[in-house]
Amino acid sequence: MAFYVSDNPDLMTLDQYLLADLRAAYLLQMRGSRLEHIGIYDGDYLVVERGALPRPSDLVVTADEEGFSIQEFSEGIPNVEAVVKSLIRKFP
């Protein structure tokens, strides 16, 4: 469900800009310090979209027997579940 602030066709909502399918969008909260080297910290939220096609260097959510993890996409990565579309920084 999109929220429109204007009938101006030149304006778009954030969900229209970021996501191809709003119904496939989720927020995941980052746990751990593994991605601090790229500016993603414990407690930050990631906007992810299931079913989106990843491009080289996109961050993706992958699944394995231990759970989910975030990593940079490259061809051949198995079990890609979603593509990270945006980051929402957690401020103290």
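Residues numbered from 1 in each chain as written. Predicted model: local features only at pLDDT ≥ 70, side-chain atom pairs only at ≥ 80, totals over all residues. Heavy atoms only, no water.

## Topic: the pattern of salt bridges
With the rule as written, the count across this model stands at four salt bridges. Where Arg50 meets Glu81, a salt bridge forms, and the shortest distance between an N and an O atom there is 3.1 Å. Pair noted here: Arg50 is in strand E2 (residues 45-50) and Glu81 is in strand E5 (residues 80-88), with a separation of 31 residues, a long-range link. Arg50 sits in the partly exposed class, given a relative accessible area of 45%. Asp58 is the partner of Arg55 in a salt bridge, and the nearest nitrogen-oxygen pair spans 3.8 Å. For Arg55, a relative accessible area of 56% puts it in the exposed group. Asp58 gets classed as buried once you look at its relative accessible area, which sits at 15%. (Salt bridge = Lys/Arg side-chain N within 4 Å of Asp/Glu carboxyl O. Helix = DSSP H or I, 4+ residues; strand = E, 2+ residues; numbered from the N terminus. Buried < 20%, exposed > 50% of the residue type's maximum accessible area, 1.4 Å probe, protein only.)

## Observations regarding the nonpolar core
Met30, Leu35, Ile40, Leu46, Val48, Leu59, Val61, Ile70, Ala82 and Val84 together form the largest nonpolar core, which totals ten residues. Residue assignment for this core shows that the elements contributing at least two residues are E2, strand E3 (59-64) and E5. Apart from residues lying up to four places away in sequence, Leu46 is in contact with Tyr26, Leu27, Leu28, Ile40, Ile70, Val84, Ser86 and Leu87. (Core = buried A, V, L, I, M, F, W, Y, C linked by side-chain atoms within 4.5 Å. Contact = heavy atoms within 4.5 Å.)

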